[in-house]
Amino acid sequence: MASCDDPQAPSAKSTEKIPEQEATEGAADAQLHEQDRDGFSDISDSELLAVPEEAMIGSGGYDPFAEKMVQPKEVADAQVKIDDSPGTSSEVHQKEKRGITQSFIDITQRKRKQLPQTPLEKYHMKYLWVTNLCSQTWCEQQMVYEFELPAFLQPEKSAVMNAGSSIHLARELEVHDVVSVTTQTREDSWAVKFLNILSMIPVLQSGGLIREFPVFGEQDGVFLVGVIDELGYSPKGELELRELKTRGSPTLPKAAQKRSHEFQVSLYKLLFDGMVSGGLQPDLFIQHLHLMPGQELGVQVKEHANRVGITVSTFMELAELTCLNLQFSDLPMIDSLKVEYCYQENGAMLGCEVLHFNRETVLERLKYYMEFWKGLRETQGVDIEEAWKCRMCSFANICEWRTSKSTVKKRPR
DNA sequence: ATTGCTGAAGGG
């Protein structure tokens, strides 16, 4: 629903998209890789240093041990225009450039102050996405490489992901229209999220269906941001979260992938429940995102707010209004979590799973993943039992985790 | 800060 340019770009105005509610009441694995007997041992010491040509980006080289990456300045400074439609190739390029920029900044910062950085600091993240944590559940080491070498993703994989994005967008448009709103500041971008929420609350209150509901909040000291695919009521009148997963093959996912989906929807519930029960404090946006409370909202944003019957002038006014609305609209917490799987090719439903929410388990896993982001522990790759994941990993042949494992195995002393 | 800080999900 929301799409936006880099609001920090000096000259660039960005556009956010806002859903306009329509009548909503009528809206209605692949092959199993059997476990490697020898786990990680298929990698040799010579492969360890043989970085393939594709790992080079620009004029810079990648060294998994020294973690150096350099590139021409004009690349680092390039401002990128964002394409509205999710999953286009321009988006992929944009991600690449962003990754390169981050590494560039990282080097200069490290030189200046010789302090060890937490991953959050290193990648300049004020907050995490729910999906960051989901890829972390698959393989933390792989997630790290995706941050550091975003250009290295397999094209076939991104093709399946782009197709998934298109299907999600089409579904969103079934329940509401989307209009563009120009934003000028980061505060504006968040204001648009708030306005989206404020316009979806009444739909939920009247028993309707909504898609792409923004959720956020503090978890374990870190600000977490996500988007709930779909919220609606079951015939029994329970508030139901539905997450659609489109698949490249007409098969249901294996356990490892289901675990990640379960974690994803559990995080959504954690965040949503927190929002409707008063857990979202306006101050969090200042503390974590360093937004300016008194920031005057942009003209376009104010205009849109007026169209939906809201008169605000500063960021904080709207943040407070949103938090209060969430808390006092008497919205229920999420009762059930559903994941629906469909085949990309023809849209055929492959299955639907109802997942159980276990607060303790989710919080425990969350804590473990956050320990990584806070720099409290080293990066952890997959366990030997899940070494099969490495076979479809783009980073397998440069992976530090794999090489360390195989070294241990070959030279036990 | 010399320059400057993320649409989220996307699938395996």
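Here is what the cut-offs are and how they apply
- Residues numbered from 1 in each chain as written.
- Chains lettered and ligands numbered in written order.
- Predicted model: local features only at pLDDT ≥ 70, side-chain atom pairs only at ≥ 80, totals over all residues.
- Heavy atoms only, no water.
- Buried < 20%, exposed > 50% of the residue type's maximum accessible area, 1.4 Å probe, protein only.
- Helix = DSSP H or I, 4+ residues; strand = E, 2+ residues; numbered from the N terminus.
- Pairing = 2+ DSSP bridges.
- Salt bridge = Lys/Arg side-chain N within 4 Å of Asp/Glu carboxyl O.
- Disulfide = S-S within 2.5 Å.
- Contact = heavy atoms within 4.5 Å.
- Phe/Tyr/Trp six-rings, centres within 6.5 Å; stacked < 30°, edge-to-face > 60°.
- Lys NZ or Arg CZ within 6 Å of the ring centre and 35° of its normal.

Asker: Tell me about the pairing of strand β4 (residues 210-219), and please be specific about residues and values.
Answerer: Across the 10 residues of β4, 9 count as buried, placing the element largely inside the fold. Pairing between β4 and strand β5 (residues 222-233): 9 bridges, direction antiparallel. By the bridge assignment for β5, Gln 219 is matched with Val 222.

Asker: Kindly report on the pattern of salt bridges, identifying the contributing residues and their values.
Answerer: As enumerated under the stated definition, the model contains 17 salt bridges in all. For Asp 273, the salt bridge goes to Lys 269, with nearest N and O atoms at 2.5 Å. Placement of the pair is Asp 273 and Lys 269 together in helix α9 (residues 255-276), with a separation of 4 residues, close to one helical turn. Note on accessibility: Asp 273 and Lys 269 belong to one class, buried. Put simply, Glu 296 and Lys 302 hold a salt bridge, and the shortest N to O gap is 2.7 Å. Relative accessible area serves as the criterion here: at 41%, Glu 296 is assigned to the partly exposed category. Via salt bridges that share partners, Arg 171, Glu 174, Arg 211, Glu 230, Glu 240, Arg 242 and Lys 338 belong to a single interconnected network.

Asker: Any details on the state of the cysteines? Residues and values, ideally.
Answerer: Taken as a whole and judged by the stated rule, the model has 0 disulfides. No disulfide involves Cys 134; its nearest neighbouring cysteine sulfur is the one of Cys 139, lying 14 Å away. Its relative accessible area of 7% is what places Cys 134 among the buried residues. Cysteine Cys 390 remains unbridged, with the sulfur of Cys 399 as its closest cysteine sulfur at 6.3 Å. Since its relative accessible area comes to 11%, Cys 390 is described here as buried.

Asker: Please set out the environment of Leu 366 residue by residue, giving values where relevant.
Answerer: When you line up the elements, Leu 366 lands in helix α13 (residues 359-373). Counting along the chain gives 73 residues from Leu 366 to Pro 293, while the straight-line C-alpha distance between them is 29 Å. Sequence-distant contacts of Leu 366, defined by excluding residues within four places in its chain, comprise Leu 133, Gln 219, Asp 220, Phe 263, Leu 267 and Leu 270.

Asker: Help me get a handle on the packing of aromatic side chains, residues and values and all.
Answerer: Counting across every chain of the model gives 19 aromatic pairs. A centroid spacing of 5.1 Å and a plane angle of 85° characterise the contact between Phe 194 and Phe 285, whose relative ring orientation is edge-to-face. Highlighted residues: Phe 194 in helix α8 (residues 186-205) and Phe 285 in helix α10 (residues 283-287), separated in sequence by 91 residues. On the accessibility criterion, Phe 285 (0% relative accessible area) is buried. Through pairs of rings, three or more aromatic residues link up here, namely Tyr 127, Trp 190, Phe 194, Phe 216, Phe 223, Phe 285 and Phe 315. Geometry around Trp 190 places Lys 193 over its ring, the cationic atom sitting 4.1 Å from the centre. It is Lys 269 that lies over the ring of Phe 357; its NZ or CZ is 5.0 Å from the centre.

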